[in-house]
Amino acid sequence: MKRSFLKFAAAATVLALVSACGGSDDDDDDNTPAAPGNIVEVATANGFTSLAAAATKAELVTALSDSAATLTVFAPTDTAFTALATQLGFADTTAMVTALTKEQLATILTYHVLATKVESTAIPFGTPVATINTETITITAGTAPVIATIADTTTTPATITAVDVPASNGVIHVIDKVLIPSGILPPPG
């Protein structure tokens, strides 16, 4: 019994010592995850460089960074922007963003944004959804491994490849194609 008590006392002492030395009052040492940045910060941190460049030229960075907003952004990957640039005959995405006007880019990018936060569990499949440029998109549930597809004004739908990337002012869903609103660009070849 005495041996069990000594083991217990030793264990309690070690535990108390570890607890006393292991903690810190410094905020830098706590394991609380940092709050996500706004949509622009999260997109930039996750490598959406073409989207960021287009948003900058279109002067949409302030709107997409607005802390009072609650947005949903269907964010095309850099590969999606490269594919569109190639289809339109540009050497690369930079050349495409340079050639398109601020207004054209704004129309294209706002076609990727909903004015409310819509997480994947609340996507209204099969129902036309108004984007902030006032045109609609229709999202169709996919069959595994496809999460969902989005119909735009072209014959090729975009595939949602990742969902619910959190941002402080909304949510990002990643897509594999740049959505094209009506009348803004010549049809990709």
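Source: prediction; values computed, not measured.

### Things to note about the overall build of the protein chain
Point 1. A count of helices and strands for the protein chain gives seven helices and seven strands.
Point 2. Secondary structure elements in the protein chain, listed N-terminal to C-terminal, are α-α-α-α-β-α-α-α-β-β-β-β-β-β.
Point 3. Every one of the 189 residues in the protein chain was classed for burial, and the buried ones make up 34%.
Point 4. Across the protein chain, the fraction of contacts at a sequence separation of at least 24, relative to all contacts at a separation of at least 6, is 62%.
Point 5. When the accessible surface of the protein chain is split by element, carbon and sulfur atoms take 60% of a total near 10,700 Å².

### A look at the nonpolar core
Point 1. Counting 33 residues, the largest nonpolar core has L51, L64, V73, F81, L109, I172 and V178 as the members making the most contacts within it.
Point 2. For this core, the secondary-structure elements that each account for two or more residues are α2 (39-45), α3 (49-57), β1 (71-76), α5 (78-87), α6 (93-99), α7 (102-110) and β7 (170-175).
Point 3. Residues F74, Y111, V129 and A158 belong to the second largest nonpolar core, which totals 14 residues.

### Some words on α3
Point 1. For α3, the set of buried residues is S50, L51, A54 and A55. Taken end-on, α3 shows its buried residues confined to a sector of 130°, consistent with a single buried face. With respect to the buried face of α3, the exposed residues turned more than 90 degrees away are T49 and T56.
Point 2. Packed against the buried residues of α3 are α2, α4 (61-65), β1, α5, α6 and α7.
Point 3. Taken from the residues just after α3, E59 is the one with a positive phi, measuring 60°.

### Topic: the confidence of the model for the protein chain
Point 1. The pLDDT averaged across the protein chain works out to 84; a share of 80% of its residues lies at or above 70.
Point 2. Within the model, pLDDT remains below 50 along residues 1-27, and this stretch shows one contact once partners closer than five positions in the same chain are excluded.

### So, the side chain of T72
Point 1. Take T72: it is sitting in strand β1.
Point 2. Note on T72: relative accessible area 0%, which makes it buried.
Point 3. Within the structure, T72 has its side chain in polar contact with the backbone oxygen of T116 (distance 2.6 Å).
Point 4. A polar contact is formed between the side chain of T72 and the backbone nitrogen of V118, at a distance of 2.6 Å.
Point 5. Sequence-distant contacts of T72, that is, excluding residues within four places in its chain, are made with H112, V113, L114, T116, K117, V118, V171 and H173.

### Observations concerning the pattern of salt bridges
Point 1. Per the stated rule, a full pass over the model turns up three salt bridges.
Point 2. For E59, the salt bridge goes to K102, with nearest N and O atoms at 3.3 Å. With E59 in the loop between α3 and α4 and K102 in helix α7, this residue pair connects regions lying 43 residues apart in the sequence.
Point 3. For E59, a relative accessible area of 56% translates into the label exposed.
Point 4. Of the charged contacts, one joins E119 and K117 as a salt bridge, the two residues approaching to 3.5 Å between their closest N and O atoms.
Point 5. What makes E119 partly exposed here is its relative accessible area of 36%.

About the cut-offs
Residues numbered from 1 in each chain as written. Predicted model: local features only at pLDDT ≥ 70, side-chain atom pairs only at ≥ 80, totals over all residues. Heavy atoms only, no water. Helix = DSSP H or I, 4+ residues; strand = E, 2+ residues; numbered from the N terminus. Buried < 20%, exposed > 50% of the residue type's maximum accessible area, 1.4 Å probe, protein only. Contact = heavy atoms within 4.5 Å. Areas by Shrake-Rupley, 256 points an atom, 1.4 Å probe, with all protein chains shown as cover. Core = buried A, V, L, I, M, F, W, Y, C linked by side-chain atoms within 4.5 Å. Arc of directions from axis to C-beta. pLDDT = per-residue confidence, 0-100. Polar contact = N/O pair within 3.5 Å; in protein donor to acceptor, adjacent residues only side chain to side chain. Salt bridge = Lys/Arg side-chain N within 4 Å of Asp/Glu carboxyl O.

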